[in-house]
Amino acid sequence: MAAQNFDVIVIGAGPGGYVAAIRAAQLGQKVVIVEREHMGGICLNWGCIPTKALLRSSEVFHLMHRAKDFGLSVEKPDFDLAAVVKRSRNVAGQLSSGIGHLMKKNKITTVMGTARITAKGKVSVKTDKGTEELTAKNIVLATGARARNLPGLEADGDLVWAYKDALKASRMPKDLLVIGSGAIGIEFASFFNTMGAKTTVVEVMDRILPVEDAEISAFAKKQFVKQGMTIMEKAVVKQLDRDPKAGKVTAHIEANGKVETKVFDTVISAVGIVGNVEDLGLEELGVKIDRTHVITDEYCHTGVEGLYAIGDIAGAPWLAHKASHEGVMVAELIAGKHPHPVKPESIAGCTYCYPQVASVGYSEAKAKELGYDVKVGKFPFIGNGKAIALGEPEGMIKTVFDAKTGELLGAHMVGAEVTELIQGYIVGRQLETTEEDLMNTVFPHPTLSEMMHESVLDAYDRVIHM
Ligand SMILES: Cc1cc2nc3c(=O)[nH]c(=O)nc-3n(C[C@H](O)[C@H](O)[C@H](O)COP(=O)(O)OP(=O)(O)OC[C@H]3O[C@@H](n4cnc5c(N)ncnc54)[C@H](O)[C@@H]3O)c2cc1C
């Protein structure tokens with residue numbers, strides 16, 4: 001069959017690829033998107049969305065236990081794990097099929113199959129029906145990433161789960177070990193702990209959520225411990241002895257120079273991700289790869305003319321909104337526009353555990369390390385009327401300013417709904433706001449957002465409700 005020609009070939013239909021395809025189509029390009037498994041990628045099918053659906057169930061379950069605090073009664077809070085998982089899978093399915101509709105609406109050709117780049121501008125796709133050849137001046141590589149497997153700690157889908165296994169859990173763990181306390185590990189720990197699993201988190205670094213500001217990590221840890229979690233920091237899981245017949249795993253955990261053994265019925269391995277760089281023809285094209293990520297410049301150029309890499313395959317931060325934003329930028333570059341590159345320090349990170357954690361920009365320690373003279377403001381949830389009314393008095397908001405210029409260098413939050421609040425500071429940073437603008441802004445009452453105002457006021461010794 002003769003090759004079909006397009007302006008842009010997008011490989012991978014995750015939040016990087018499908019957004020790039022839509023923006024390119026909006027700009028008048030003839031676009032084809034190739035996907036080997038599911039529209040929406042990891043994000044919609046096995047990442048961002050289904051985890052949030054599970055976490056919503058655990059949040060409601062948690063509130064059922066607290067019904068009395070609100071003057072309500074629930075006889076005996078209970079759950080059906082199969083139904084909780086089914087709801088999460090249905091939410092993922094609904095959104096994934098929505099992406100198919102968006103492709104049609106934007107007149108984007110969709111090819112379901114596995115793509116390989118055979119030469120500059122040429123892609124061969126293996127489909128159920130055979131091989132399709134595609135050509136285009138521009139190729140956008142958005143093949144994403146998968147769970148990292150460490151030797152000896154590999155997921156087996158039975159006793160040791162990777163994120164996909166945990167998202168379709170067929171049984172409720174009683175004694176759960178979560179290896180890794182990044183966003184993925186902590187979200188699963190929070191979900192299963194709230195649903196009743198005795199949960200232990202092991203983190204190799206000196207604190208959980210290690211990319212967050214140290215004060216926020218410490219605050220979150222205190223809350224998790226209060227909820228019954230065991231947190232082991234500066235600890236390494238050296239070995240897992242699996243006994244499938246007994247349904248048990250013995251973990252050898254090194255901490256404080258000693259190795260102790262602990263028995264669990266389930267382990268979730270959340271030790272990071274690796275980019276999907278294999279079998280794409282990248283080596284032959286001379287694309288440079290650092291471990292499992294394609295090396296790009298700030299505009300996502302790979303060094304090969306007409307070949308761009310975006311999203312998880314192009315490295316940290318491994319977040320859907322970073323992937324999508326790079327997708328838009330690359331589509332605009334291809335169409336001859338002059339977009340700004342994505343600034344990593346403007347990409348917010350959100351963790352949807354209980355309590356939630358969100359941040360953007362530099363932590364206090366990082367800002368100081370970079371040589372800034374900083375002004376720091378803090379405000380606790382206990383000082384906010386809406387937080388008290390919601391029954392969510394645990395949390396804090398911290399802001400870090402450049403003392404010389406008033407630039408908002410970073411914002412860090414832990415507590416109810418902070419994953420929604422953080423965007424206020426993101427907009428502020430994008431508009432290059434200063435402390436004056438933020439202090440002069442009128443925040444509506446009663447809202448949690450008033451704490452964002454108070455945190456800024458605190459940095460300048462003007463806090464009202466504390
Ligand atoms: C459990 C979990 C929770 C997460 N939660 C969040 C969150 O709350 N917020 C957030 O921002 N991020 C979250 N993430 C990260 C987020 O899912 C990723 O950053 C995002 O999906 C990356 O998008 P992408 O387009 O680069 O790749 P992906 O979403 O991985 O999509 C890549 C697509 O490419 C396809 N593909 C791969 N190779 C080929 C090939 N050769 N041919 C054709 N198709 C191919 C794959 O099938 C896949 O569909 C989470 C991740 C996990 C695992």
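Note that the coordinates shown come from a computational prediction; the quantities given were computed from them, not determined experimentally.

Engineer: I'd like a description of the sheet that holds strand β21 (residues 357-361), backed by residues and values.
Structural biologist: Ordered in space as β20-β21-β24-β23-β22, the five strands form an open sheet in which the pairing is antiparallel. Two strands close off the open sheet at either side, each with one partner strand: β20 (349-351) and β22 (374-380). Recorded for the sheet is a direction-independent mean angle of 10° between the axes of neighbouring strands. Relative to strand β23 (residues 396-402), β22 runs antiparallel, the two sharing seven bridges. Bridge assignment links P380 to a residue of β23, and that residue is M396.

Engineer: Let's hear about the packing of aromatic side chains: which residues, and what values?
Structural biologist: In total, this model carries five aromatic pairs according to the counting rule given. A ring pair is formed by W161 and F192, whose centres lie 6.1 Å apart and whose planes are at 55°; its orientation type is tilted. Of this pair, W161 sits in strand β8 (residues 160-161) while F192 is found in helix α6 (residues 183-194), placing the two residues 31 residues apart along the sequence. Classification of W161 by relative accessible area gives buried; the value is 2%. Centroid distance F401 to Y460: 5.5 Å. Interplanar angle 70°. Geometry classified as edge-to-face. Here the residue F401 occupies a position in strand β23, and Y460 occupies one in the segment after α14 (450-459), the gap between them amounting to 59 residues. Of the two residues examined, F401 and Y460, each falls in the buried class. We note K30 situated over the ring of F6; from NZ or CZ to the ring centre the distance is 5.0 Å.

Engineer: So what about the pattern of salt bridges? Which residues, and what values?
Structural biologist: Scanning the model with the defined rule gives 19 salt bridges in all. Between R116 and E284 there is a salt bridge, and its shortest N-O distance comes to 3.0 Å. Taken together, the positions of R116 in strand β4 (residues 114-119) and E284 in helix α8 (residues 282-285) put the pair 168 residues apart, joining distant regions of the chain. Take R116: its relative accessible area is 32%, and that puts it in the partly exposed class.

Engineer: I'd love a proper account of the packing of helix α1 (residues 17-26) against helix α9 (residues 320-334), names of residues and values included.
Structural biologist: Where α1 meets α9, the axes come as close as 8 Å, and the angle between the chain directions of the two elements is 30°. Between α1 and α9, the angle falls in the class roughly parallel. In this structure, the crossing between α1 and α9 has a hand that is right-handed. Between α1, through V19, A20, R23 and A24, and α9, the contact on the second element is made entirely by S324, G327, V328, A331 and E332. When grouped by side-chain class, the residues that make up the contact of α1 with α9 number five nonpolar, two polar and two charged.

Engineer: Please give an account of empty space enclosed by the protein that cites residues and values.
Structural biologist: Going through the model one piece at a time under the given rule, you end up with one cavity of 30 Å³ or more. By volume, the largest cavity amounts to about 50 Å³. In terms of lining, the largest cavity is formed by I117, A119, K120, G121, K137, I139, L285, V304, E305, G306 and L307. Only β4 and β6 (130-141) provide two or more residues apiece to the lining of the largest cavity. Across the lining of the largest cavity, the residue classes tally to six nonpolar, two polar and three charged.

Engineer: Tell me what's going on with helix α4 (residues 81-105), and back it up with residues and numbers.
Structural biologist: In this model, α4 (25 residues) spans 37 Å end to end at C-alpha, consistent with the 36 Å of a helix rising 1.5 Å per residue. L81, V84, V85, S88, A92, S96, I99 and M103 are the residues of α4 that are buried. Residue D80 occupies the N-cap position of α4, its side-chain oxygen lying 3.1 Å from the main-chain nitrogen of A82. Just beyond α4, the residue with positive phi is K107, at close to 55°.

Engineer: Give me the pairing of β23: which residues, what numbers.
Structural biologist: Of all seven residues making up β23, seven are buried, and the element is well covered by its neighbours. Where burial is concerned, the two faces of β23 agree: the one with M396, K398, V400 and D402 and the one with I397, T399 and F401 are both buried. Where β23 folds back on strand β24 (residues 408-414), the antiparallel hairpin that results is connected by five residues, among which G406 adopts a positive phi of roughly 80°.

Engineer: So, the site of the ligand: which residues are in play, and what are the values?
Structural biologist: Taken together, the neighbourhood of the ligand is formed by 38 residues, with G16, E35, K52, D312 and A320 sitting nearest. Measuring from an oxygen atom of the ligand, one finds a backbone N or O atom of G16 at 2.9 Å. Here H321 contributes a side-chain N or O atom positioned 3.3 Å from an oxygen atom of the ligand. Taking 1,000 Å² as the accessible area of the ligand by itself, protein coverage stands at 95%. At the level of elements, β2 (31-35), α2 (41-46), α3 (48-65), β4 and α9 are the ones that each hand at least two residues to the shell around the ligand. Per element, the largest residue contribution to the shell around the ligand is four residues, and it comes from α2.

Cut-offs and rules
Residues numbered from 1 in each chain as written. Predicted model: local features only at pLDDT ≥ 70, side-chain atom pairs only at ≥ 80, totals over all residues. Heavy atoms only, no water. Pairing = 2+ DSSP bridges. Helix = DSSP H or I, 4+ residues; strand = E, 2+ residues; numbered from the N terminus. Axes fitted to C-alpha atoms, helices over the stretch in contact; angles between N-to-C directions. Phe/Tyr/Trp six-rings, centres within 6.5 Å; stacked < 30°, edge-to-face > 60°. Buried < 20%, exposed > 50% of the residue type's maximum accessible area, 1.4 Å probe, protein only. Lys NZ or Arg CZ within 6 Å of the ring centre and 35° of its normal. Salt bridge = Lys/Arg side-chain N within 4 Å of Asp/Glu carboxyl O. Parallel < 35°, antiparallel > 145°, perpendicular 65-115°, else oblique. Left-handed = near helix turned anticlockwise from the far one by under 90°. Contact = heavy atoms within 4.5 Å. Nonpolar A, V, L, I, M, F, W, Y, C, P; charged D, E, K, R; others polar. 1 Å grid on protein atoms, 1.4 Å probe; cavity = no way out; pocket = protein on both sides within 12 Å on 5 of 7 lines; lining within 4 Å. Points joined across faces, edges and corners; volume = space filled by probe spheres on them. Expected span 1.5 Å × (residues − 1). Polar contact = N/O pair within 3.5 Å; in protein donor to acceptor, adjacent residues only side chain to side chain. Near = heavy atom within 4 Å. Areas by Shrake-Rupley, 256 points an atom, 1.4 Å probe, with all protein chains shown as cover.

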